[in-house]
Amino acid sequence: MQFRCLLALLYYVVECWILNLDFTLRAEVRGKREEKGPNERGGKMETQGDDGHPYIPRDLKLPGYVPVSLSQSTIISVFGISSLLVVSFMWILSGRFPKMSKTERRLMCWWIFTGLTHIILEGYFVFSPEFYKEKTSFYPAEVWKEYSKGDSRYAARDSCVVTVEGITAVLEGPASLLAVYAIATKKSYRYTLQLSISLGQLYGTAVYFITSYLEGDNFAASMYHYYAYYIIANASWVVIPTIISIYCWKKISAALQLQELKKTKLR
């Protein structure tokens, strides 16, 4: 389990670099286009939907849509740095607990990270149906405006997405924070709880991807957004919950085996 719980942060750093490079290249392209005449540019620089949005399908109705004001690199950087601070704080704090293994400390880092992500970001999405109308640079709204370029079902308030995110924010978010407490205080239910949350995350992710596939899997503004946002940004909630599920399964099985062995000896 060494360093596995920090994989989520590692890919954000890599993605931030990619987004920064993409932002720079786009700026250069825009600069070159501006040097050309209108006819050479072929009209609009970017194809937009009926309501001026950049999402797919283009005829998606989003009246009152307000474009993203923060750059891609800024949005990812803020998330990455905030997550790093939270994880670092938990790593230092967990080191003060007696007889706490490094694996348990890393698990606490993961659960605090994913718990706050579920509650703050996904919770905002669930209870803010018109986030795309936000006129200020309110960070959570900017996150979902940008992420919708990779999956427009968020901007469209797809019922399946709202349901999955609602369960994640309301149930799995608080449960993840409870897992931090359970690990820190060595509660007997800590492995069962972690296994339950991880299976819930895997189920939600599976429903998320499968419904998209069944509906045509055509909700990204570009292939870049498809892989960077839709695929890579969700990879951690497939890989890490799978690892934790296997880890907890082994712990629970070993405990039950030991209990049965003790009962056999008593007979």
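Residues numbered from 1 in each chain as written. Predicted model: local features only at pLDDT ≥ 70, side-chain atom pairs only at ≥ 80, totals over all residues. Heavy atoms only, no water.

## Observations concerning the pattern of salt bridges
Inference 1: Within the structure shown, the criterion is met by 5 salt bridges.
Inference 2: Measuring nitrogen to oxygen at the nearest pair gives 2.8 Å for the salt bridge that ties Glu104 to Lys186. Placement of Glu104 in helix α4 (residues 102-126) and of Lys186 in the loop between α6 (159-184) and α7 (190-214) is noted, with a sequence separation of 82 residues between them.
Inference 3: With relative accessibility at 8%, the residue Glu104 sits in the buried group.
Inference 4: Note on Lys186: relative accessible area 33%, which makes it partly exposed.
Inference 5: A salt bridge links Lys145 to Glu142; its shortest N-O distance comes to 3.6 Å. Pair noted here: Lys145 and Glu142 are both in helix α5 (residues 139-147), with a separation of 3 residues, about one helical turn. Each of the two residues, Lys145 as well as Glu142, counts as buried. (Salt bridge = Lys/Arg side-chain N within 4 Å of Asp/Glu carboxyl O. Helix = DSSP H or I, 4+ residues; strand = E, 2+ residues; numbered from the N terminus. Buried < 20%, exposed > 50% of the residue type's maximum accessible area, 1.4 Å probe, protein only.)

## Structural notes on a nonpolar patch on the surface
Inference 1: A grouping of Phe127, Ile167, Val170 and Leu171 is seen on the molecular surface, where their side chains present a nonpolar patch of about 430 Å² in accessible area.
Inference 2: Positionally, Ile167 belongs in helix α6.
Inference 3: Given the relative accessible area of 44%, Ile167 is considered partly exposed. (Patch = residues over 30% accessible without salt bridge, like charges linked within 9 Å, V, L, I, M, F, W, Y side chains within 5 Å. Areas by Shrake-Rupley, 256 points an atom, 1.4 Å probe, with all protein chains shown as cover.)

## Quick word on the side chain of Ser152
Inference 1: Within the fold, Ser152 resides in the loop between α5 and α6.
Inference 2: Excluding residues that lie within four positions of it along the chain, Ser152 makes contacts with Tyr55, Ile56, Pro57, Leu60 and Phe219. (Contact = heavy atoms within 4.5 Å.)

## What about the confidence of the model for the chain?
Inference 1: Predicted confidence across the chain gives a mean pLDDT of 85, with 80% of residues reaching 70 or more.
Inference 2: Low pLDDT, under 50, characterises residues 1-46; the stretch is placed with 61 contacts to residues that sit more than four places away or in other chains. (pLDDT = per-residue confidence, 0-100.)

## Comments concerning the packing of α4 against α5
Geometrically, a packed helix pair is captured by the angle between its two axes and the distance between the axes.
Inference 1: The geometry of α4 relative to α5 is characterised by a closest axis approach of 10 Å and an angle of 75° between their N-to-C directions. As the angle between them shows, α4 and α5 are arranged roughly perpendicular. Counted together, Leu121, Glu122, Tyr124 and Phe125 of α4 and Tyr139, Pro140, Ala141, Val143 and Trp144 of α5 form the full contact between these two elements.
Inference 2: Counted by class, the contact of α4 with α5 contains 8 nonpolar, no polar and 1 charged residues. (Axes fitted to C-alpha atoms, helices over the stretch in contact; angles between N-to-C directions. Parallel < 35°, antiparallel > 145°, perpendicular 65-115°, else oblique. Nonpolar A, V, L, I, M, F, W, Y, C, P; charged D, E, K, R; others polar.)

## Thoughts on the nonpolar core
Inference 1: If you look at the biggest cluster of nonpolar residues, it comprises 52 residues, and the most contacted ones within it are Trp111, Phe125, Phe131 and Trp144.
Inference 2: When contributions to this core are tallied by element, the ones reaching two or more residues are α3 (72-94), α4, α5, α6, α7 and α8 (223-266).
Inference 3: The biggest single contributor to this core is α4, with 11 residues.
Inference 4: Look past the residues within four positions of Trp144 in its chain and what remains in contact with it is Leu121, Glu122, Tyr124, Phe125, Phe131, Tyr154 and Glu165. (Core = buried A, V, L, I, M, F, W, Y, C linked by side-chain atoms within 4.5 Å.)

## What to know about the packing of aromatic side chains
Inference 1: Tallying each qualifying case throughout the model produces 22 aromatic pairs.
Inference 2: With a centroid separation of 5.8 Å and 50° between ring planes, the pair formed by Trp110 and Trp237 is classed as tilted. Within this pair, whereas Trp110 is found in helix α4, its partner Trp237 is found in helix α8, the two being separated by 127 residues in sequence.
Inference 3: With a centroid separation of 6.2 Å and an interplanar angle of 70°, the aromatic rings of Tyr154 and Tyr208 are classed as edge-to-face. One end of the pair, Tyr154, is in the loop between α5 and α6; the other, Tyr208, is in helix α7, with 54 residues separating them in the sequence.
Inference 4: When its relative accessible area of 3% is taken as the criterion, Tyr154 is described as buried.
Inference 5: Among the aromatic residues, ring-to-ring pairing joins Phe125, Phe131, Tyr132, Trp144, Tyr147, Tyr154, Tyr208, Phe209, Tyr226, Tyr227, Tyr229 and Tyr230 into one connected group.
Inference 6: One residue, Arg153, lies across the ring of Phe219, its end atom 5.4 Å from the ring centre. (Phe/Tyr/Trp six-rings, centres within 6.5 Å; stacked < 30°, edge-to-face > 60°. Lys NZ or Arg CZ within 6 Å of the ring centre and 35° of its normal.)

## Some words on the packing of α3 against α5
Inference 1: Running from N to C, α3 and α5 cross one another at 120°; their axes reach a closest spacing of 10 Å. What the angle tells us is that α3 and α5 run oblique. Crossing of α3 over α5 shows left-handed handedness. Where α3 approaches α5, its residues Gln72, Ile75, Val78 and Phe79 are matched on the opposing element by Tyr139, Glu142, Val143 and Glu146.
Inference 2: Broken down by class, the residue content of the contact of α3 with α5 amounts to 5 nonpolar, 1 polar and 2 charged. (Left-handed = near helix turned anticlockwise from the far one by under 90°.)

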